[in-house]
Amino acid sequence: MAVKVYGPAISTATVRVLLCLEEMGAQYELVPIDYSTGEHKSPPHLARNPFGQVPAFEDGDLMLFESRAISRYVLRKYKSSGPDLLREGSLEESAMVDLWLEVEAQQYDKAISAIYIEIAIKPVYFGGVPDEKVVAESVEKLGKVLDVYEARLSKSKYLAGDFLSFADLSHIPYTHHIVASPHASLFESRPHVKAWWESLASRPAYKKVTAGTPTSK
């Protein structure tokens, strides 16, 4: 029986899970959740995710939420059918995957998500105007983070080493939007970051999951 992912296909957190499922060649059912009607706060969905967020994930009697935790579960469940994206056979390599996943969550995500909220979510879904001060501050923060990435990627093809890992894939959901925005130069101006992103964007899983996903110009 196919696992179920509850969430809108345009949700960045949902995209993270779908990328992992596609990379592993897993069968799954995407069950849309309609934000516009408040479905994510409805009792049925709160039973899946008590915080009223997406995605939620169902595998038989097991129900999970939080996209990074779900993704790790997916990569372990289907580890024999896809690439080794957690590198748990090596203590050192798995430690590097964990390290860069923490960097993604604690440094990268905080800066890039603020830009995304201002230039995409606020005007498209709330009819608001981006706060240019927040955008400018977040662009500066992201630039400093990407300087660290540029230095790291000058030494290895991917973040955790010369192998693709979940640490790389976890960056895709927000980056997909920002490289299609007026702030694409953050990536294009750093040659090693640019090559890293182009490698990620060339993967079939990326192309399938993000096909038709609106971006902010």
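Residues numbered from 1 in each chain as written. Predicted model: local features only at pLDDT ≥ 70, side-chain atom pairs only at ≥ 80, totals over all residues. Heavy atoms only, no water.

Note the cut-off: UniProt positions are given in the numbering used here, feature names are shortened, and annotations may be inferred rather than shown by experiment.
An unreviewed UniProt entry lists the protein under the name glutathione transferase, with Musa troglodytarum as the source organism. Taken from UniProt, the Catalytic activity (unreviewed entry) comment for the protein reads in full: "RX + glutathione = an S-substituted glutathione + a halide anion + H(+)". Of the protein, the UniProt comment under Sequence similarities (unreviewed entry) reads exactly: "Belongs to the GST superfamily. Phi family."

## A few points about the side chain of Glu23
Counted only if it meets this: Helix numbers and strand numbers start at the N terminus; a helix is a DSSP run of H or I with at least 4 residues, a strand a run of E with at least 2. By the criterion applied in these results, polar contacts are pairs of N or O atoms within 3.5 Å in which, for protein atoms, one can donate a hydrogen and the other can accept it, and in which residues neighboring in sequence qualify only through two side-chain atoms. We call two residues contacting when some pair of their heavy atoms lies within 4.5 Å.
Checked against the element boundaries, Glu23 lands in helix H1 (residues 12-23). Side-chain polar atoms of Glu23 contact the side chain of Arg203, separated by 2.7 Å. Once you skip the residues sitting within four places of it in the chain, Glu23 turns out to touch Gly82, Pro83, Leu85, Leu169, Arg203 and Ala205.

## Quick look at the side chain of Ser165
What counts here: Partly exposed describes any residue whose relative accessible area lies between the buried limit of under 20% and the exposed limit of over 50%, with all areas from a 1.4 Å probe on protein chains only and scaled to the type maximum.
The residue Ser165 is located in the loop between helix H5 (132-153) and helix H6 (166-169) in this model. The buried category is assigned to Ser165, whose relative accessible area is 0%. Engagement of the side chain of Ser165 in a polar contact is seen with the backbone nitrogen of Ala167, the distance being 3.1 Å.

## A closer look at helix H9 (residues 191-201)
Residues Val193, Trp196, Trp197, Ser199, Leu200 and Ala201 constitute the buried set of H9. For H9, the elements touching its buried residues are H5, H6, helix H7 (172-178), helix H8 (185-188) and helix H10 (204-210).

## Concerning H5
How we decide: For a helix, the expected span equals 1.5 Å multiplied by the residue count minus one.
The first and last C-alpha atoms of H5 sit 30 Å apart over 22 residues, in line with the 32 Å expected at 1.5 Å per residue. Looking only at H5, the buried set comprises Val135, Ser138, Val139, Leu142, Gly143, Val145, Leu146, Tyr149, Glu150 and Leu153. Elements in contact with the buried residues of H5: helix H4 (91-126), H8 and H9. Two or three places before Lys133, at the opening of H5, Asp131 has a side-chain oxygen 3.0 Å from that residue's backbone nitrogen.

## Some words on the sheet that holds strand E2 (residues 28-31)
Working definition: the strands of a sheet are paired by backbone hydrogen bonds and lie parallel or antiparallel to each other. Under the convention used in this document: Pairing between two strands is assigned when DSSP locates at least 2 bridges connecting them. Note on method: axes are straight lines fitted to C-alpha atoms, helices fitted across the in-contact stretch only, with angles between N-to-C directions ranging 0 to 180 degrees.
Strand order in this open sheet of four strands is E2-E1-E3-E4, and the pairing throughout is mixed. Whereas interior strands pair on both sides, the edge strands pair on one side only; in this sheet they are E2 and strand E4 (62-65). Ignoring strand direction, the axes of neighbouring strands in this sheet form an average angle of 20°.

## Some thoughts on the pairing of strand E3 (residues 56-59)
Pairing of strand E1 (residues 3-6) with E3 involves three bridges; the strand directions are antiparallel. Pairing of Val5 across the sheet is with Phe57, part of E3. Across four bridges, the pairing between E3 and E4 is antiparallel. If you follow Asp59 over to E4, its bridge partner there is Leu62.

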